[in-house]
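Here are the chains, one letter per residue:
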Amino acid sequence: SEEVVVQLSKGEDGKGLVVRLYEPYGKTVFNVFLSHDLLRQAFSINAVERESSKTILSTSGNEVGPLTFRPFEIKTIYLELDSTEDITNGSSCKKAKLDV
């Protein structure tokens, strides 16, 4: 099964996570979902994480998706979290489902 590569980093505002996803195999990938227990809202942002480029993504509960990737596509997503805790300690984001 094909997968997307996931990289996490702390958001510039310190209140969320920046998730970069990359499809490295040259395949179209459908139905990628991300989840985080503290997810409040999710935005598609540009690669330099600029506010003006935010697009709200569909969320349901603590999931974002479905996301679709074209071959070799990179997506940058900002996860706004419902917590003021230090997200650098133990934060994680996981693929909930990946169908090809």
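Placed above this text is the structure.
Because the structure is predicted, anything quoted here is derived from the model rather than measured.

A. Molecular detail of the overall build of the protein chain. On a plain count of helices and strands, the protein chain comes out with zero helices and nine strands. Buried positions account for 34% of the 100 residues belonging to the protein chain. Sequence-distant contacts in the protein chain: of pairs separated by 6 or more residues, those separated by 24 or more amount to 71%. Taken as a whole, the protein chain presents about 5,800 Å² of accessible surface, with 46% of it coming from carbon and sulfur.

B. Examining the sheet that holds strand β1 (residues 5–10) more closely. Reading across from one edge, β1-β2-β8-β4-β5 is the order of the five strands in this open sheet, with antiparallel pairing throughout. Unpaired on one side and paired on the other, β1 and β5 (55–56) mark the two borders of the sheet.

Parameters and conventions
- Residues numbered from 1 in each chain as written.
- Predicted model: local features only at pLDDT ≥ 70, side-chain atom pairs only at ≥ 80, totals over all residues.
- Heavy atoms only, no water.
- Helix = DSSP H or I, 4+ residues; strand = E, 2+ residues; numbered from the N terminus.
- Buried < 20%, exposed > 50% of the residue type's maximum accessible area, 1.4 Å probe, protein only.
- Contact = heavy atoms within 4.5 Å.
- Areas by Shrake-Rupley, 256 points an atom, 1.4 Å probe, with all protein chains shown as cover.
- Pairing = 2+ DSSP bridges.

Geometry only, nothing functional implied.
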